[in-house]
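# Results of the structural survey
Below are the chains, spelled out letter by letter.
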Amino acid sequence: MSAKTPINLSVVTRLLHPMHTVLVSCAGNASKPNIITLAWAMPASSNPPLLAVSIAPTRHSHTLIEESGEFIVNIPALENLQAVYACGSLTGRSFDKFKKTNLNPIPGKKVKAPAIRECIAHLECEVDGQFTTGDHTLFVGKIVEAYADMGIFNEGSYDLKKARLLYHSGGNNFALLDPKIYKA
């Protein structure tokens, strides 16, 4: 057994990284659409299909999701790396992130928020619950529509040779999955 080193509690959540990175798009009732980069997103239920995203109340997207009661989780790939970083570094209060990153909004199929054309998959959500969890709010979204680029997601799994998914490793560091599948 090797010696263990203590980890500062201010960075303890990074022990869970790398984490799948998503772009959440949202639109308030009277404001321009926004995008926030998140690594804190996860499935919450299969039946009904629910997912959870964790967003600090200080974020502009938090306000927009509270106002509208909906959002879209967009799945970016390696090709979107610079936009992913920019959407996590700039505030939507000061910048139109779609214009700043050259990402293109496309109409949601069941929600008013736009999806992001350049992403490979999309999960449209209506807020089903909202919970304060320390310094963040956990928004639970009921998935009302989901779609992906042709050939990217088949039989319940990504084709990892085609879908080079991004994983946040901390700061401005990201990683990819090894496309080889290992069976247990």
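Cut-offs used in this document
- Residues numbered from 1 in each chain as written.
- Predicted model: local features only at pLDDT ≥ 70, side-chain atom pairs only at ≥ 80, totals over all residues.
- Heavy atoms only, no water.
- Salt bridge = Lys/Arg side-chain N within 4 Å of Asp/Glu carboxyl O.
- Helix = DSSP H or I, 4+ residues; strand = E, 2+ residues; numbered from the N terminus.
- Buried < 20%, exposed > 50% of the residue type's maximum accessible area, 1.4 Å probe, protein only.

## Side note on the pattern of salt bridges
Under the criterion given, the structure shown has two salt bridges. Residue E79 pairs with R164 through a salt bridge whose shortest N-O separation is 2.7 Å. With E79 in the loop between β6 (70-75) and α2 (81-89) and R164 in the loop between β12 (157-158) and β13 (167-170), this pair connects stretches of sequence that are 85 residues apart. By relative accessible area, which is 35% here, R164 ends up partly exposed. Between E145 and K110 there is a salt bridge whose closest N-O contact spans 3.4 Å. Placement of E145 in strand β10 (residues 136-148) and of K110 in the loop between β7 (105-106) and β8 (115-116) is noted, with a sequence separation of 35 residues between them. Residue E145 is classed as partly exposed on the basis of its relative accessible area, which comes to 22%. Here K110 falls in the exposed class, since its relative accessible area comes to 52%.

Spatial relationships are all this shows, so hold off on functional conclusions.
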